[in-house]
Amino acid sequence: MRDALTLRNNHGLLTRANPLAKFAVVFLITLVLALSIDWVSASVALAAELALFPLAGLTLRLLWQRGWPLILAAALGGWSTAIVAADSGAVLLDVGIWSISEGSLQLGIGFMLRGLAIALPAILLMTCTDPTDLADALAQKARLPHRFVLGTLAAMRLVGLMAEEWQTIGMARRARGVGSQGSPLQRLRATLGQSFGLLVQAIRRASRLAITMEARGFGAGHRTWARESTYSRLDAWVLAGGVLIAAAAVVAAAGMGTWNFVWR
Amino acid sequence: MTASDAGASGVRPAAVSARGWGWRHAGRSAPAVRGLDLDIAPGERVLLLGPSGAGKSTLLHALAGVLGDEGDDADETGSLLIDGVVPRGQRGRSGLMQQDPETQVVLSRLGDDVAFGAENLAVPRDEIWRRVHEALDDVGLRSAGGGGLNAGAGAGLNAGGLPLDHPTSALSGGQKQRLALAGILAMRPGLILLDEPTANLDPAGVLEVRDAVGRCLDKTGATLVVVEHRVSVWKDLVDRIVVLQPGSAAGSAASPATSAVLLDGPPDQVLAEARDMLIGAGVWVPGYVPATRRRVSAGSGDLLLAAEDLAVSRERPRRRGFRTIPPVPVQQGITALVRSGQALTVTGPNGAGKSTFALTLAGLLAPVAGKVSAAVELSEGAGIDPFKWKANQLISRIGTVFQEPEHQFVTGRVLDELMFGPRHLGHGEERVDELLERLRLTHLVDANPYTLSGGEKRRLSVATVLAAHPRVLVLDEPTFGQDANTWAELASFLSELLDAGTSVVSVTHDQEFSAVLGGAELRLGPASRGGARQEAGAA
């Protein structure tokens, strides 16, 4: 589970930035892009984000491997917008009830680019942020309760184990004659049974882990931190970069006259 | 050494004292422990023995200060003190290691995990990293020598050791338990509590952990209380053995004066005095191998199942974009033959892919390369590839007993559990009574499988698979963590099955167990690559 989200041995520059700074930037860019549906602001943001890839230790290949569902969804969203949006300008394609005009195509492309430009920062954030660093930042800098943050972090480690356990229980049940064949109802029942088995194991594991943590003094009042979550000059650059991308997108769109607030 | 005398290592050994102590878990009618009187001097090393249900884990949990979250319904009697103070509220005075290595690891980076306990005790940062390095050294997971290093990421790979940011998920079971010990040591506890710390480990892992514990005790002088079935592992390390009896037997209405402590003394003395009693209670007494049934036939030797040049992995082929990537096999080039009435033992170090091979052979995983083929005598028209068989076809031909019995429970009642296979197949229900009797489960027919003891669960999981009457039985570490009685029953029962013509494939480190079953051995090499050959052993 975790391996699917973060890159192992990632030494990109952005891995060293404070997770909260990266979070702030992703929030800012998403907010600005959510304000308008036009292709200019989205293209500018997207181009800037793609230029930042190497800094997060990401390549186009890795991006496709990790983010292809999002990318496909964005493309599909753009395509359907182009089809169903009200026509304006010259009609380019007309197949019965579906038609694509210059106006609707522009809207569709804007929609697709926007989807990508909003999705990419999130993918970037996940690939270059270690969950442990994120937890440290949330507890030490954002002052979230450490019981909650560290409890979640420890539980996340179990999620990966649960994925393995699901596979094992599936095999163990096949060895008992519970098949994944049969009618949809039978299959549903088999899946429910397997889920129950996993739930029992998850609870057992979780309570043992809770005992381990409690026996190591977890939950008692004041605690110190072996790893200090710090802000560095890099974080200032990350924030400045984020503001720059957002500003460039707005200015370019306003300059080209394409900026349109979504509520208008 | 007195209680106030902190050694050079900064550890002050703890004293334990129990007076008429008892504990009843919430929702239970009988107490887990009753009438315990026990004194443990600072620095003493105690091995705690007793049949399952004697409340050994309950005592360790109480000493670790983690009992009592059950609400008002739980019931405590008498007193249990560490250095004259109740254990709860003295966090860090004791450290507890449990059986399951996976749940002894809290964080995903080596150094962070060791630091976790010390952080919770509000130890200053520089001191934490000093302790982390020292503790990792002590347990043999060497890290950088100098203390005071900040942030794990800064410390690279060091002479023969692991970096502080090494992922804890990549450790073996024995390494995980040693890591847990390091995490405990970093708290500087005066009392170290080990609850069957090596029950889930292979023989190499057992010694790794035992030796690490010994080194740390020699250095810190901390008090030790360890619960473990295998006496020979710990006998030379402890200076006292305490045998407990179940709370239901101790201090009952019939004999209120009886203490929970049945025997107490130096290891040799207790083992000499109580040898027969301990053997009766299923304790692994040194130098004693339980009597088992001897094989009387060599088996017909008809070929049932064959693996040819097999490569195995638990991973499925992955989809990366539009491409499909086959998994990297954990082991390849395996060739093995499974014959009627003969045993095949699969051995090899941790991570050699033994279980993965067994699951592939049993038709539960698809081979990465090579093939598993069933002979006509076994397949009986179901096709050559066991992986393609339907679940019903599989269970009447190849039965697989998993390492964790709970993974295979599919109902809420022991009897239903046993009837499950025969009902699906539409025949064989008459075998169930015989299996119940043979594996001593008759008195448990109405119980919920999840509530059984470890030994009962193991016997049930074997019985449920056998109820479908498979010709081939595949077992994954069937003797892990089992007491001597269950061990002997299981080994004898399997030898009977073998003589009756069943084929038994077992993944095991247990040489005595393989000796009872006889047959051939398949030794898998340490890494991927390098073929594995099957050797005919003494049958």
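Residues numbered from 1 in each chain as written. Chains lettered and ligands numbered in written order. Predicted model: local features only at pLDDT ≥ 70, side-chain atom pairs only at ≥ 80, totals over all residues. Heavy atoms only, no water.

**Description of the interface of chain B and chain A**
Next, step 1: With 72 residues of chain B at the contact, the number on the chain A side is 53 residues.
Next, step 2: Both sides of the chain B and chain A interface together cover about 5600 Å² of buried area, and 51% of this is carbon and sulfur.
Next, step 3: Here chain B and chain A share 13 salt bridges between them.
Next, step 4: When the shortest N-O distance is used, the salt bridge between R216 of chain A and D113 of chain B registers 3.9 Å.
Next, step 5: Looking at the side of chain B that touches chain A, the elements that each hand over two or more residues are β5 (94–97), α2 (110–120), α3 (125–138), α4 (173–185), α11 (391–395), α12 (414–425) and α14 (454–466) of chain B.
Next, step 6: Top contributing element to the side of chain B that touches chain A by residue count: α2 of chain B, with 8 residues. (Contact = heavy atoms within 4.5 Å. Buried area = accessible area lost by both parts, 1.4 Å probe. Salt bridge = Lys/Arg side-chain N within 4 Å of Asp/Glu carboxyl O. Helix = DSSP H or I, 4+ residues; strand = E, 2+ residues; numbered from the N terminus.)

**Regarding the nonpolar core**
Next, step 1: L136, V213 and L224 of chain B are the most contacted members of the largest nonpolar core, which totals 55 residues.
Next, step 2: Leave out the neighbours within four places in its chain, and L224 of chain B touches E44, R45, V46, I192, L194, V213, L217, L237 and V238 of chain B. (Core = buried A, V, L, I, M, F, W, Y, C linked by side-chain atoms within 4.5 Å. Buried < 20%, exposed > 50% of the residue type's maximum accessible area, 1.4 Å probe, protein only.)

**Some details on the sheet that holds β5 of chain B**
All names here are of chain B.
Next, step 1: Pairing is mixed in the open sheet, where 6 strands are placed in the order β5-β6-β7-β3-β8-β9. Strands at the two margins of the open sheet, each flanked by one partner only, are β5 and β9 (261–265). The average angle at which neighbouring strand axes cross in this sheet is 15°, direction not considered.
Next, step 2: Across 4 bridges, the pairing between β5 and strand β6 (residues 191–195) is parallel. (Pairing = 2+ DSSP bridges. Axes fitted to C-alpha atoms, helices over the stretch in contact; angles between N-to-C directions.)

**Section: the pattern of salt bridges**
Next, step 1: Tallied over the entire structure, the rule returns 45 salt bridges over all chains.
Next, step 2: The partner of E44 of chain B in a salt bridge is R240 of chain B, with the nearest N and O atoms 3.0 Å apart. On the criterion of sequence distance, the pair formed by E44 of chain B in the loop between β2 (33–40) and β3 (45–49) and R240 of chain B in strand β8 (residues 240–244) is long-range, its members being 196 residues apart.
Next, step 3: For the salt bridge of E496 of chain B with R438 of chain B, the shortest nitrogen-to-oxygen distance reads 2.7 Å. Taken together, the residues span a long stretch of sequence, with E496 of chain B in helix α15 (residues 484–499) and R438 of chain B in helix α13 (residues 431–438) at a distance of 58 residues.
Next, step 4: Under the relative-accessibility criterion, E496 of chain B is labelled partly exposed at 30%.
Next, step 5: Through salt bridges with shared partners, a single ionic network connects D130, D133, D136, R223 and R227 of chain A together with R109, D112 and E119 of chain B.

**Details of the sheet that holds strand β4 (residues 75–82) of chain B**
Residues and elements named next belong to chain B.
Next, step 1: Read from one edge of the open sheet, 3 strands run β2-β1-β4, paired in antiparallel fashion. Pairing within the sheet leaves two strands with one partner each, and these edge strands are β2 and β4. The sheet shows a mean angle of 20° between the axes of neighbouring strands, direction not considered.
Next, step 2: Sheet topology note: the strand β1 (residues 16–24)/β2 ladder contains 5 bridges and is antiparallel. Bridged to W23 within β2 is V33.
Next, step 3: On top of the sheet, helix α1 (residues 56–63) reaches β1, β2 and β4; it is set at about 120° to β1, its chief contact.

**A look at the packing of helix α3 (residues 39–52) of chain A against helix α5 (residues 102–127) of chain A**
Residues and elements named next belong to chain A.
Next, step 1: Where α3 meets α5, the axes come as close as 8 Å, and the angle between the chain directions of the two elements is 30°. Judged by the sense of rotation from one axis to the other, the crossing of α3 with α5 is left-handed. Every residue of α5 that contacts α3 at W39, S41, A42, S43, A45, L46, E49 and L50 is listed here: Q106, G110, L113, R114, L116, A117, L120, P121 and L124.
Next, step 2: Tallied by class, the residues present in the contact of α3 with α5 amount to 11 nonpolar, 4 polar and 2 charged. (Left-handed = near helix turned anticlockwise from the far one by under 90°. Nonpolar A, V, L, I, M, F, W, Y, C, P; charged D, E, K, R; others polar.)

**Re a nonpolar patch on the surface**
Residue and element names in this part refer to chain A.
Next, step 1: A cluster of nonpolar side chains, W39, W79, L92, L93, V95, W98, L105, I109 and M256, forms an exposed patch at the surface whose accessible area comes to about 910 Å².
Next, step 2: Those elements that place two or more of their residues in the nonpolar patch are β1 (91–95) and α5.
Next, step 3: Per-element tally for the nonpolar patch: the top contributor is β1, with 3 residues.
Next, step 4: Relative to the helices and strands, L105 resides in helix α5. (Patch = residues over 30% accessible without salt bridge, like charges linked within 9 Å, V, L, I, M, F, W, Y side chains within 5 Å. Areas by Shrake-Rupley, 256 points an atom, 1.4 Å probe, with all protein chains shown as cover.)

**A look at unusual backbone geometry**
All names here are of chain B.
Next, step 1: Its identity is not glycine, yet E196 carries a phi of approximately 45°, on the positive side.
Next, step 2: With respect to the element layout, E196 can be found in the loop between β6 and α5 (203–220).
Next, step 3: Owing to a relative accessible area of 13%, E196 belongs among the buried residues under this scheme.
Next, step 4: Here the phi dihedral of E380 falls at roughly 45°; this positive angle occurs in a residue that is not glycine.
Next, step 5: Secondary-structure assignment places E380 in the loop between α10 (376–379) and α11.

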